[in-house]
Every structure is written in C-alpha cells, then in structure tokens.
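Commentary on secondary and tertiary structure
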Amino acid sequence: MFIKDIDRKIIYNTQCKLDVINVFSVNETTQNLEDIKVKLSSKYQNFLDVFDQAQADKLSSYHLYDHKIDLTSDVTSFCCRAYWMFLYKLQKVKKYLNENLFKKFITSSKVSYFSLVLFILKANKDLWFCVNYQKLNAIIRRNHYSLSLINEMIEKIVDCKHLTWLNIISTFNKLWMHSDSENHTIFIIALEAYKSKMLFFELINDFVSFQQYMNDVFWNFLNDFCQVYLDNILIYSKTQWEHWQHVKMILNHLQEADLQVNIQKCEFNLKETIFLEVIVSEQDLRMNSIKVKVIVN
C-alpha cells in the first residue's frame, strides 16, 4: 500500500468523528463510582463526585482563567510540512482526535500557519501525543508569576502528625484558551488542521497559568493546613479530628470548584508521605533516597 493510500485510509473525517469513540456507558460509570465508594472512607462518602473520572473529562463552564498567548513579535507564519508516519502512529492520532473532538477539547480549523505533532515514548511503551510548539514558544512573552519555593512549603508541615495527599485529574481541562489565542494553537495532521479549546501542557506559561489558578482556588487554606503545587495537594494537621475536618473542607472546595482527584493516586491519613520528592513526616524532612541514588550514580 502506498503512503498516500495509508494517509487517505487513516485520516480522520470530521463528518463521522463519532464512529469509534470510546465513551463510558452508564453501567461502567456506575461501576466506577461503586469502586470508589469501596476505597473511600465512610467519612468522605458525600464527596464521591470529586473522584469521578467522567466529570474530569468535561470542560469548565466558566472562563475566569482563560489562557492568553502574548507574542513578542508579529510573526505567525510557521511553514511546516506534515511528515510521514507509520500506520500505528496514524491510528494513535485518530484515537486522540476522536476522543478530544468528542470532549470538545479541540475543533477543526482552517488557517495558513500551524505546528506539527510528535510522539514521545512513555515508560509503559505507549505513545504520548504532543504538539511541537517549539517555534511558537520561541516568540511567546514569558509570564514571571512566581511558583512557590519548595523548602518554604515543606517547612510549614513539620510537627504535623496527620497527612493526606490528593492528586488532581487533568486540571488543565478547566482552563480554556482565550478566544484571541486559539488560532495560535493550531496543529496539522496530514490534510486536516485542528485548534485547541483548552490549555495544552506543551505551551510556554502553561504551568504558570495552572499554578495561579490553583493558588486562587485554594487561597483561603494555603499555609494554614494545605499546600498546593501544580496538581498535588497536601493536607496536614496536628490532631486526628482536625485532619478529618481539614480534608472535608478541601473536598468540599474541590466540589464547588468542579475539580476532580484521582482516587488511585490519593493517600489518606498518613504518618509519612513523599511530597515534591521530599519525604515528609512528623519527625523530620529528608530527601528521597531513591532520587539521591540516581543523581549520585
């Protein structure tokens, strides 16, 4: 089969984009919630929706934190040519487009400038779909919003006997691209072009927008009994009763902010945990020996 024939066969047709979408059925969603209920303490059963993966796949209904791209120059012409891909990569592209078009995270587009896509091999040998925004990033004005100092965050946790660690699911889904910036995110797949409706983590300033959003959402709790770094939330308390109340307050706030956490990555009521690669416990703070060994060797 010729390359053009492969492209023609695999290229996604937006008129029939619902043909192979893998959507959770009602039964599967119900089963997932039942699994979560089993894993979650009875004290937090009122917050099941905070752990619902299906809710995390939806775009936010508000636009308070739209990500805007501010360019340092007027150059917006990226003359790139779509390169040839092996069949398995084209199939991966189609799967990505199916899922994200259905979620409305991306939309088809027609424009004269664009970026190309590429794949990164993950540790599990799967392919991670990425957009190569290297040329665009080179002309984006940097946002110098300061991220929190790790040592400053960790010091506030000393002497706390009870710890809970939560991991946010896909917070970037809650951040829309500003309408003036959507065209800058256009990427091309063979004969089709698409643009992003939500923030991708290949863009300069993405983590800054993410952290600013998280800081604003959890502002009332920061440095009192909660630390937030990107998608990681650490809740710390000196007594058990306080800790139950603190965790409920954070879960309630996540519920109000329409943010979801990954039950598989959460750890509740710990005496010791790893936060930002630092081992945190009541007695002391110490570096993760596994990470140190990697650096030394």
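In this text, all values refer to a predicted model and were calculated from it rather than measured experimentally.

**Quick notes on the overall build of the protein**
Within the protein, the regular secondary structure consists of nine helices and 12 strands. Burial statistics for the protein: of 297 residues in total, 44% are counted as buried. In the structure as shown, the protein presents an accessible area of about 16,800 Å², 53% of it carried by carbon and sulfur atoms.

**Comments concerning the environment of D52**
Tracing the sequence through the fold places D52 in the loop between helix 2 (26-39) and helix 3 (53-56). Residue D52 is classed as buried on the basis of its relative accessible area, which comes to 9%. With 207 residues separating them in the primary sequence, D52 and L259 have C-alpha atoms 9.6 Å apart. Beyond its immediate stretch of four places on either side in the chain, D52 contacts L33, I36 and Q260.

**Observations regarding helix 7 (residues 206-217)**
Spanning 12 residues, helix 7 covers 17 Å between terminal C-alpha atoms, matching the ideal 16 Å at 1.5 Å per step. Burial within helix 7 is extensive, with nine of its 12 residues counted as buried. Considered for burial, the residues of helix 7 that qualify are D206, V208, S209, F210, Q211, Y213, M214, N215 and V217. Next to the buried residues of helix 7 lie strand 7 (226-229), strand 8 (232-237) and helix 8 (240-257).

**What to know about the packing of aromatic side chains**
Scanning the entire structure with this criterion turns up seven aromatic pairs. Aromatic side chains Y96 and F129 sit 3.8 Å apart centroid to centroid with 15 degrees between the ring planes, which places their arrangement in the stacked category. One end of the pair, Y96, is in helix 4 (residues 87-103); the other, F129, is in strand 3 (residues 127-132), with 33 residues separating them in the sequence. The exposure classification of Y96 matches that of F129, with both residues buried. Judged by centre distance (6.0 Å) and plane angle (70 degrees), the rings of F129 and F187 are edge-to-face. Here F129 is found in strand 3, whereas its partner F187 is found in strand 5 (residues 187-189), with 58 residues between them in sequence. Pair check on accessibility: F129 and F187 agree, each one buried. An aromatic cluster is defined as three or more aromatic residues linked by ring pairs; in this entry it consists of Y96, F119, F129, F187 and Y194. Here the guanidinium or amino end of K43 rests over the ring plane of W244, the centre of that ring lying 4.3 Å away.

**Examining the confidence of the model for the protein**
Per-chain confidence: the protein averages 75 in pLDDT, with 72% of residues scoring 70 or above. Within the protein, the element-level pLDDT minimum falls on helix 1 (residues 3-10), averaging 40, and the maximum on helix 8, averaging 92. Across residues 1-28, confidence stays below pLDDT 50; counting only partners more than four residues off in sequence or on other chains, it has 36 contacts.

**A word on the sheet that holds strand 8**
With respect to topology, four strands assemble into an open sheet ordered 7-8-4-9, the strand pairing being antiparallel. Looking along the sheet, the strands with just one partner apiece sit at the ends: strand 7 and strand 9 (267-270). Going across the sheet, the axis of each strand differs from the next one's by a mean of 15 degrees, ignoring polarity. Note: strand 7 against strand 8, four bridges, orientation antiparallel.

**Structural notes on the nonpolar core**
Core analysis: the largest hydrophobic core is formed by 72 residues, its most contacted members being F187, F218, I233, I250 and L254. Excluding anything up to four places from it in sequence, I250 contacts L166, F218, F221, F225, C226, I233 and I235. Residues F114, L116, I186 and I188 belong to the second largest nonpolar core, which totals five residues.

**Examining the sheet that holds strand 1 (residues 106-109)**
With antiparallel pairing, three strands are arranged side by side in an open sheet as 1-6-5. Only two strands of the sheet have a single neighbouring strand rather than two, namely strand 1 and strand 5. Each neighbouring strand pair of the sheet contributes to a mean axis angle of 40 degrees, computed without reference to strand direction. Direction of pairing for strand 1 relative to strand 6 (residues 192-196): antiparallel, over a ladder of four bridges. Paired with I106 across the strands is S196, a residue of strand 6.

**Some details on the environment of S115**
Structurally, S115 can be placed in the loop between strand 1 and strand 2 (116-121). Its relative accessible area of 4% is what places S115 among the buried residues. Remark: the alpha-carbon pair of S115 and A193, spanning 78 residues in sequence, is separated by 9.3 Å.

**Regarding unusual backbone geometry**
Phi at K104 takes a positive value of approximately 70 degrees, unusual for a residue other than glycine. Structurally, the position occupied by K104 is in the loop between helix 4 and strand 1. Taking the relative accessible area as the measure of exposure, K104 reaches 59% and is therefore exposed. Positioned with a positive phi, N205 is a non-glycine residue whose angle comes to about 75 degrees. Inspection of the secondary structure assignment puts N205 in the loop between strand 6 and helix 7. A relative accessible area of 13% means that N205 is categorised as buried.

Rules used throughout
Residues numbered from 1 in each chain as written. Predicted model: local features only at pLDDT ≥ 70, side-chain atom pairs only at ≥ 80, totals over all residues. Heavy atoms only, no water. Helix = DSSP H or I, 4+ residues; strand = E, 2+ residues; numbered from the N terminus. Buried < 20%, exposed > 50% of the residue type's maximum accessible area, 1.4 Å probe, protein only. Areas by Shrake-Rupley, 256 points an atom, 1.4 Å probe, with all protein chains shown as cover. Contact = heavy atoms within 4.5 Å. Expected span 1.5 Å × (residues − 1). Phe/Tyr/Trp six-rings, centres within 6.5 Å; stacked < 30°, edge-to-face > 60°. Lys NZ or Arg CZ within 6 Å of the ring centre and 35° of its normal. pLDDT = per-residue confidence, 0-100. Pairing = 2+ DSSP bridges. Axes fitted to C-alpha atoms, helices over the stretch in contact; angles between N-to-C directions. Core = buried A, V, L, I, M, F, W, Y, C linked by side-chain atoms within 4.5 Å.

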